[in-house]
Amino acid sequence: MEVVAIAATAFSAMAQLTAGERAKEAYEIRARNEELRGRIEAVNARKKGVEALKRTNASLASIIAGSPKQGLALSSGTVLDRGVFRVARPASEDVSDTIFNASMALANSQMRAQDFRLAGDQARLQGQIGAFSTLSQGAFAYSQIYPSGRGGLSQTGNTAKI
(Lines give C-alpha, C1' and ligand atoms only; values in the text may rest on other atoms or scores of the structure.)
Protein backbone atom coordinates (compact mmCIF):
# COMPACT_ATOMS: atom_id res chain seq x y z
CA MET A 1 0.00 0.00 0.00
CA GLU A 2 2.86 2.33 0.75
CA VAL A 3 4.21 1.80 -2.76
CA VAL A 4 0.88 2.96 -4.16
CA ALA A 5 0.94 6.06 -1.95
CA ILE A 6 4.50 6.93 -3.02
CA ALA A 7 3.65 6.36 -6.68
CA ALA A 8 0.51 8.51 -6.39
CA THR A 9 2.52 11.30 -4.77
CA ALA A 10 5.16 11.14 -7.50
CA PHE A 11 2.48 11.03 -10.20
CA SER A 12 0.74 14.05 -8.68
CA ALA A 13 4.01 15.98 -8.58
CA MET A 14 4.75 15.14 -12.22
CA ALA A 15 1.22 16.21 -13.20
CA GLN A 16 1.74 19.56 -11.49
CA LEU A 17 5.04 20.09 -13.31
CA THR A 18 3.43 19.18 -16.62
CA ALA A 19 0.47 21.48 -15.99
CA GLY A 20 2.86 24.36 -15.28
CA GLU A 21 4.80 23.72 -18.48
CA ARG A 22 1.60 23.47 -20.54
CA ALA A 23 0.36 26.76 -19.10
CA LYS A 24 3.69 28.39 -19.96
CA GLU A 25 3.43 27.10 -23.54
CA ALA A 26 -0.12 28.46 -23.82
CA TYR A 27 1.02 31.87 -22.59
CA GLU A 28 3.91 31.83 -25.06
CA ILE A 29 1.50 31.15 -27.92
CA ARG A 30 -0.68 34.03 -26.76
CA ALA A 31 2.40 36.27 -26.62
CA ARG A 32 3.38 35.39 -30.19
CA ASN A 33 -0.19 36.00 -31.38
CA GLU A 34 -0.20 39.36 -29.64
CA GLU A 35 3.04 40.36 -31.37
CA LEU A 36 1.57 39.34 -34.73
CA ARG A 37 -1.59 41.32 -34.02
CA GLY A 38 0.54 44.38 -33.25
CA ARG A 39 2.44 43.99 -36.50
CA ILE A 40 -0.83 43.72 -38.41
CA GLU A 41 -2.11 46.89 -36.75
CA ALA A 42 1.15 48.67 -37.60
CA VAL A 43 0.94 47.59 -41.25
CA ASN A 44 -2.67 48.77 -41.43
CA ALA A 45 -1.67 52.12 -39.95
CA ARG A 46 1.13 52.45 -42.49
CA LYS A 47 -1.32 51.64 -45.29
CA LYS A 48 -3.47 54.53 -44.09
CA GLY A 49 -0.38 56.75 -44.27
CA VAL A 50 0.26 55.65 -47.85
CA GLU A 51 -3.37 56.39 -48.72
CA ALA A 52 -3.01 59.87 -47.19
CA LEU A 53 0.08 60.49 -49.32
CA LYS A 54 -1.74 59.31 -52.44
CA ARG A 55 -4.61 61.69 -51.70
CA THR A 56 -2.07 64.47 -51.12
CA ASN A 57 -0.40 63.82 -54.45
CA ALA A 58 -3.77 63.83 -56.21
CA SER A 59 -4.77 67.09 -54.52
CA LEU A 60 -1.46 68.77 -55.34
CA ALA A 61 -1.71 67.57 -58.95
CA SER A 62 -5.21 69.02 -59.14
CA ILE A 63 -4.01 72.37 -57.80
CA ILE A 64 -1.09 72.47 -60.21
CA ALA A 65 -3.20 71.36 -63.18
CA GLY A 66 -5.97 73.87 -62.46
CA SER A 67 -3.73 76.88 -61.90
CA PRO A 68 -3.09 77.81 -65.55
CA LYS A 69 -6.82 77.52 -66.31
CA GLN A 70 -7.47 80.05 -63.57
CA GLY A 71 -4.80 82.36 -64.92
CA LEU A 72 -2.38 81.76 -62.03
CA ALA A 73 1.33 81.18 -62.36
CA LEU A 74 2.67 78.08 -60.64
CA SER A 75 5.11 80.18 -58.65
CA SER A 76 2.46 82.63 -57.46
CA GLY A 77 1.61 82.85 -53.78
CA THR A 78 -1.96 81.69 -54.19
CA VAL A 79 -1.00 78.38 -55.77
CA LEU A 80 1.75 77.78 -53.23
CA ASP A 81 -0.56 78.76 -50.38
CA ARG A 82 -3.18 76.29 -51.55
CA GLY A 83 -0.58 73.56 -51.83
CA VAL A 84 0.96 74.20 -48.45
CA PHE A 85 -1.91 75.23 -46.21
CA ARG A 86 -4.80 73.27 -47.67
CA VAL A 87 -3.03 70.09 -48.72
CA ALA A 88 0.55 69.59 -47.54
CA ARG A 89 0.15 70.58 -43.89
CA PRO A 90 -2.95 68.44 -43.21
CA ALA A 91 -1.35 65.56 -45.13
CA SER A 92 1.82 65.90 -43.07
CA GLU A 93 -0.24 65.70 -39.90
CA ASP A 94 -2.10 62.64 -41.19
CA VAL A 95 1.15 60.88 -42.05
CA SER A 96 2.74 61.69 -38.70
CA ASP A 97 -0.41 60.43 -36.96
CA THR A 98 -0.29 57.13 -38.86
CA ILE A 99 3.42 56.71 -38.08
CA PHE A 100 2.69 57.35 -34.42
CA ASN A 101 -0.23 54.90 -34.47
CA ALA A 102 1.97 52.24 -36.06
CA SER A 103 4.70 52.66 -33.45
CA MET A 104 2.15 52.63 -30.63
CA ALA A 105 0.54 49.45 -31.98
CA LEU A 106 3.94 47.73 -31.98
CA ALA A 107 4.91 48.99 -28.53
CA ASN A 108 1.54 48.08 -27.05
CA SER A 109 1.60 44.57 -28.49
CA GLN A 110 5.14 44.01 -27.25
CA MET A 111 4.14 45.07 -23.75
CA ARG A 112 1.15 42.73 -23.77
CA ALA A 113 3.31 39.90 -25.15
CA GLN A 114 5.82 40.48 -22.35
CA ASP A 115 2.98 40.31 -19.82
CA PHE A 116 1.92 36.95 -21.26
CA ARG A 117 5.49 35.65 -21.11
CA LEU A 118 5.82 36.71 -17.48
CA ALA A 119 2.49 35.03 -16.70
CA GLY A 120 3.86 31.88 -18.34
CA ASP A 121 6.96 32.01 -16.18
CA GLN A 122 4.76 32.37 -13.11
CA ALA A 123 2.60 29.43 -14.19
CA ARG A 124 5.67 27.24 -14.61
CA LEU A 125 7.00 28.34 -11.22
CA GLN A 126 3.62 27.59 -9.66
CA GLY A 127 3.77 24.08 -11.10
CA GLN A 128 7.27 23.58 -9.71
CA ILE A 129 6.28 24.85 -6.29
CA GLY A 130 3.19 22.64 -6.29
CA ALA A 131 5.26 19.59 -7.25
CA PHE A 132 7.83 20.29 -4.54
CA SER A 133 5.06 20.82 -2.00
CA THR A 134 3.39 17.54 -2.96
CA LEU A 135 6.65 15.62 -2.68
CA SER A 136 7.42 17.28 0.64
CA GLN A 137 3.99 16.40 2.03
CA GLY A 138 4.44 12.83 0.85
CA ALA A 139 7.86 12.58 2.46
CA PHE A 140 6.53 14.07 5.69
CA ALA A 141 3.59 11.65 5.76
CA TYR A 142 5.94 8.73 5.12
CA SER A 143 8.24 9.89 7.94
CA GLN A 144 5.26 10.06 10.33
CA ILE A 145 4.20 6.53 9.47
CA TYR A 146 7.74 5.15 9.60
CA PRO A 147 9.74 7.41 11.94
CA SER A 148 12.89 5.26 11.87
CA GLY A 149 13.21 5.77 8.11
CA ARG A 150 12.62 2.15 7.21
CA GLY A 151 9.47 0.32 6.33
CA GLY A 152 7.61 -1.96 8.67
CA LEU A 153 6.66 -1.60 12.30
CA SER A 154 9.07 -0.01 14.72
CA GLN A 155 9.86 -1.95 17.86
CA THR A 156 10.99 1.12 19.80
CA GLY A 157 9.06 1.60 22.99
CA ASN A 158 7.48 -1.85 22.90
CA THR A 159 9.33 -3.24 25.85
CA ALA A 160 7.02 -4.44 28.54
CA LYS A 161 7.96 -4.98 32.18
CA ILE A 162 6.37 -7.98 33.75
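Parameters and conventions
Note that residues are indexed from 1 along each chain, following the sequence as it is written. Predicted model: local features are reported for residues with pLDDT of at least 70 only, side-chain atom pairs are reported and counted for 80 or more only, and whole-chain, interface and lining totals are derived from all residues. Side-chain figures throughout are based on the complete set of non-hydrogen atoms in the structure, without hydrogens or water. Helix and strand definitions follow DSSP, with helices as H or I runs of at least four residues and strands as E runs of at least two, each counted in order from the N terminus. Each residue's exposure class comes from its accessible area (1.4 Å probe, protein chains only) as a fraction of the maximum for that residue type: buried when under 20%, exposed when over 50%, partly exposed otherwise. Any two residues whose heavy atoms approach within 4.5 Å are treated as being in contact. For the area figures, the Shrake-Rupley method with a 1.4 Å probe applies, and any residue is considered shielded solely by the protein chains shown. In the analysis that follows, any N or O atom pair within 3.5 Å is treated as a polar contact, provided that within protein one partner can donate a hydrogen and the other can accept it, and provided that, for residues neighboring in sequence, both atoms belong to side chains. We count a salt bridge whenever a side-chain nitrogen from Lys or Arg sits within 4 Å of a carboxyl oxygen from Asp or Glu. The rule is simple: put a 1 Å grid over the protein atoms alone, call a set of points where a 1.4 Å probe fits but cannot get out a cavity, call an open set with protein on both sides within 12 Å along at least five of seven lines a pocket, and count a residue as lining if it has an atom within 4 Å of a point. Grid points are joined across faces, edges and corners, and a volume is the space filled by probe spheres set on the points. Gly falls in the polar group here, along with every residue not listed as nonpolar (Ala, Val, Leu, Ile, Met, Phe, Trp, Tyr, Cys, Pro) or charged (Asp, Glu, Lys, Arg).

Caption draft 1: Spotlight on the overall build of the protein. The helix and strand tally for the protein stands at two helices and zero strands. Residues counted as buried form 20% of the 162 residues belonging to the protein. When contacts within the protein are restricted to residue pairs at least 6 apart in sequence, those whose partners lie at least 24 apart make up 81%. For the protein, the computed accessible surface area is about 11,700 Å², with 61% contributed by carbon and sulfur atoms.

Caption draft 2: Up close: the side chain of Thr9. Structurally, Thr9 is set in helix α1 (residues 2-66). A polar contact is formed between the side chain of Thr9 and the backbone oxygen of Ala5, at a distance of 2.9 Å. In contact with Thr9, not counting residues within four places along its chain, are Thr134, Leu135 and Gly138.

Caption draft 3: Geometry of the pattern of salt bridges. As enumerated under the stated definition, the model contains ten salt bridges in all. Between Arg112 and Glu34 there is a salt bridge whose closest N-O contact spans 2.4 Å. Placement of the pair is Arg112 in helix α2 (residues 77-145) and Glu34 in helix α1, with a sequence separation of 78 residues. One continuous salt-bridge network, built from bridges that share partners, spans Glu21, Lys24, Asp121 and Arg124.

Caption draft 4: Fine view of the layout of surface pockets. The volume enclosed by the largest pocket comes to roughly 210 Å³. Forming the boundary of the largest pocket are 13 residues, of which Ala5, Ile6, Thr9, Gly138 and Tyr142 lie nearest the centre. Among the elements of the structure, α1 and α2 are those that each provide at least two residues to the lining of the largest pocket. Top contributing element to the lining of the largest pocket by residue count: α2, with six residues. Classifying every residue of the lining of the largest pocket by side-chain character gives ten nonpolar, two polar and one charged.

Caption draft 5: Local environment of the environment of Asn108. Position of Asn108 among the secondary structure elements: in helix α2. As a C-alpha pair, Asn108 and Glu34 span 74 residues in sequence and 9.3 Å in three-dimensional space.

Caption draft 6: Representation of the side chain of Glu34 in the model. By relative accessible area, Glu34 is classed as buried at 10%. Every residue in contact with Glu34, bar those within four places of it in the chain, is listed here: Ser109, Arg112, Ala113 and Phe116.

Caption draft 7: Structural detail: the environment of Gln128. Position of Gln128 relative to the elements: it lies in helix α2. The class of Gln128 is partly exposed, set by a relative accessible area of 38%. Residues Gln128 and Glu21, 107 residues apart in the sequence, show an inter-C-alpha distance of 9.1 Å.

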